[in-house]
Amino acid sequence: MTTGDALLRRYAGAMVQVFGSPQLVLASGEGCWVTDVDGKRYLDLLAGIAVNALGHAHPALVQAVAKQAESAIHISNFFTSEPAIALAERLLEVAGAPAGSGVFFANSGTEATEAAVKLTRRTGRSRIVALEGSFHGRSTGALALTHKPAYREPFEPLIPGVVFVPPNDADALRAAVDDTTAALFVEPIQGEAGVRELSADYLRLARELTSAHGALLVVDEIQTGIGRTGDWFAHQASGIVPDAMTLAKGLGGGVPVGALVTFGSAVTGLLAAGQHGTTFGGNPLACAAGLAVLDTIEHDHLLAHAVEVGALLDDVRVDGVAGTRGRGLMRAIELDGVPSAAVMVAARDAGFVVNAVTPTALRLTPPLVLTATELQGFLDALPAIIEAARRATDGQPS
Ligand SMILES: *Cc1c(COP(=O)(O)O)cnc(C)c1O
């Protein structure tokens, strides 16, 4: 038995099984590569689901975290620290947020959503419009806005008053947003739905309708933010300014940190002293990590780099590939006649980590430091990977 198999047995005996059986037991990473406990190396084209923006063991992140750990890891929100203040200032700056804007730090995406939901309740309204295909998190508040019935239904009743409308459907949005709407939640690109983009026109309509009806526009940039699509935040490409934005995943480069950004003093003032809180949120360790991520993205021009390298995926002409979609380094490869789960397994056997995001599509959310040569290595291997997946599923219904 391999070391990996032995560890997976122990996993099965020690863990709640919500993730099923993990595919690999990983030991370490460096740059865009990860190594499993049996010494096999893989090109990491998932990056912990759009989290490891700087890849693994990036010196800037390692040094920032080590240095901060040597001084103070946690201090509670009775106190504050320079890294927390500096990270909030940097986020407001790259978000182009107006004077009076603010940041609330959490520890995860779902907590950022919870903070946003509480913010919207302070409008005095409770009706929320969300989109079909949405994913906003797994805690019970965020789950109410998450569309997938398999995630939501086992835990109902959830908070009431949420309605779902089909994405990119202007008429459905016009019909759903009215003077009783507290907020509209959108992901500029729906990651969990298979990298499905909202059009710029639709985002602008979302802004117009929410403004006209006194509702808040909340953009969930938990997956799309922090440079993933080639802009700091994906909604910026459409020119809209939201009322609130949620962040997590890439923000800490792997150190858990989430954030709610509120735009302008009217929205920021909705949450008053005592109305929300967290023990860990905004701790100096996580905020030092966030600063190192933002500094490195800027210093190493990773926004332009993500666009340049991602362009290799604009047009993938491989037998078994129906097409690609997405922006920057947030991409999906739609397959034709071969199940994504089999392709994911064949890719792993060939030394590539990818994600079967839907039954027919692979998701690629690699580190922003991925090189064109590394990505080309995957594209060169793709025909053989798809062929192996076809052989493995031959005779099985897809
Ligand atoms: C991952 C994700 C979340 C939830 O984040 P967690 O850190 O897993 O709680 C919410 N919204 C989007 C768009 C995400 O991709």
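Residues numbered from 1 in each chain as written. Predicted model: local features only at pLDDT ≥ 70, side-chain atom pairs only at ≥ 80, totals over all residues. Heavy atoms only, no water.

The name given to the protein in an unreviewed UniProt entry is Acetylornithine aminotransferase, with Terrabacter aeriphilus as the source organism. According to its UniProt record, the protein has this under Subunit (unreviewed entry): "Homodimer." Per its UniProt entry, the protein bears the Sequence similarities (unreviewed entry) comment "Belongs to the class-III pyridoxal-phosphate-dependent aminotransferase family. ArgD subfamily." (UniProt positions renumbered as here; feature names shortened; annotations may be inferred.)

Turning next to the pairing of strand 3 (residues 41–44). Where strand 2 (residues 33–36) and strand 3 come together, 3 bridges link them in antiparallel fashion. Across the sheet, the residue bridging to W33 is L43, located in strand 3. Connecting the antiparallel pair strand 2 and strand 3 is a turn made up of 4 residues, with G39 showing a positive phi of about 90°. Here strand 3 pairs with strand 15 (residues 352–353) via 2 bridges, running parallel. Note that in strand 15 the partner of D44 across the bridge is V353. (Pairing = 2+ DSSP bridges. Helix = DSSP H or I, 4+ residues; strand = E, 2+ residues; numbered from the N terminus.)

So, on to the pattern of salt bridges. Working definition: two side chains of opposite charge can pair if their charged atoms are close together. Tallying each qualifying case throughout the model produces 16 salt bridges. With its nearest N and O atoms 3.1 Å apart, the salt bridge here joins R174 to D171. Within this pair, R174 and its partner D171 are both found in helix 8 (residues 170–176), separated by 3 residues, close to a single helical turn. Between R207 and D243 there is a salt bridge, and its shortest N-O distance comes to 2.9 Å. A residue pair is termed long-range when its members are at least 10 positions apart, and R207 in helix 9 (residues 200–213) and D243 in the loop between strand 10 (216–220) and strand 11 (244–247) qualify at 36 residues. One network of salt bridges, in which partners are shared, links R90, E93, D295 and E298. (Salt bridge = Lys/Arg side-chain N within 4 Å of Asp/Glu carboxyl O.)

Enumeration over the complete set of coordinates arrives at 3 aromatic pairs. For the ring pair F78 and F79, a centre distance of 6.5 Å and an interplane angle of 75° mean the geometry is edge-to-face. F79 shares its class with F78; the two are exposed. Between F352 and F378 the ring centres are 5.3 Å apart and the planes differ by 65°, which places this aromatic pair in the edge-to-face class. Of the two residues, F352 is situated in strand 15 and F378 in helix 14 (residues 372–393); the sequence distance between them amounts to 26 residues. Considered together, F352 and F378 belong to a single accessibility category, that of buried residues. Positioned over the ring face of W33 is R41, at 4.5 Å from the centre of the ring. We note R138 situated over the ring of Y151; from NZ or CZ to the ring centre the distance is 3.8 Å. (Phe/Tyr/Trp six-rings, centres within 6.5 Å; stacked < 30°, edge-to-face > 60°. Buried < 20%, exposed > 50% of the residue type's maximum accessible area, 1.4 Å probe, protein only. Lys NZ or Arg CZ within 6 Å of the ring centre and 35° of its normal.)

Moving on, we come to the nonpolar core. A general trend in soluble globular proteins is that nonpolar side chains are found buried together. Judged by nonpolar contacts, the single largest core of 83 residues is most densely connected at L91 and F378. When residues of this core are assigned to their parent elements, the largest contribution, 8 residues, is made by helix 11 (residues 284–299). In this structure, L91 is in contact with V103, F105, I226, F233, L247, L251, A259 and L294, ignoring residues within four places of it in sequence. By size, the runner-up hydrophobic cluster in this structure holds 21 residues, among which are A116, I128, A183 and L270. (Core = buried A, V, L, I, M, F, W, Y, C linked by side-chain atoms within 4.5 Å. Contact = heavy atoms within 4.5 Å.)

To continue, consider the sheet that holds strand 10. Strand order in the open sheet formed by 7 strands is 4-12-11-10-7-5-6, with mixed pairing between adjacent strands. What marks the edges here is a single partner per strand, and that holds for strand 4 (102–106) and strand 6 (162–165). Adjacent strand axes in the sheet meet at a mean angle of 20° when their direction is disregarded. On top of the sheet, helix 5 (residues 109–121) reaches strand 4, strand 5 (127–131), strand 7 (181–186), strand 10, strand 11 and strand 12 (258–262); it is set at about 155° to strand 7, its chief contact. (Axes fitted to C-alpha atoms, helices over the stretch in contact; angles between N-to-C directions.)

Following the UniProt record, one finds the feature "modified residue: N6-(pyridoxal phosphate)lysine" (unreviewed entry) at K249. Examined against the element boundaries, K249 turns out to sit in the loop between strand 11 and strand 12.

In this fold, T181 is placed in strand 7. One polar contact links T181 to R127, side chain to side chain, over a distance of 3.0 Å. (Polar contact = N/O pair within 3.5 Å; in protein donor to acceptor, adjacent residues only side chain to side chain.)

Neighbouring residues of the ligand: S108, G109, T110, F135, H136, G137, E187, D220, I222, Q223 and K249. Between the ligand and the protein, one listed contact pairs an oxygen atom with a backbone N or O atom of T110 at 2.8 Å. With respect to the ligand, the side chain of D220 contributes an N or O atom lying 2.8 Å from a nitrogen atom. With the chains in place, 82% of the 390 Å² that the ligand exposes on its own is no longer accessible. (Near = heavy atom within 4 Å. Areas by Shrake-Rupley, 256 points an atom, 1.4 Å probe, with all protein chains shown as cover.)

In this section: the UniProt feature "binding site: pyridoxal 5'-phosphate" (unreviewed entry) in the protein. According to UniProt, the feature "binding site: pyridoxal 5'-phosphate" (unreviewed entry) maps to G109, T110, F135, D220, E221, I222, Q223 and T279 in the numbering used here. What stands out for the annotated residues spanning 171 residues is how far apart their C-alpha atoms range, the widest pair being 25.0 Å apart. Checked against the element boundaries, F135 lands in the loop between strand 5 and helix 6 (140–144). Owing to a relative accessible area of 18%, F135 belongs among the buried residues under this scheme. Here Q223 is to be found in the loop between strand 10 and strand 11. Among the residues examined, Q223 registers a relative accessible area of 7% and is labelled buried. Those residues in contact with Q223, other than ones at most four positions away along the chain, are A50, G191, E192, R228, K249, M330, R363 and T365.

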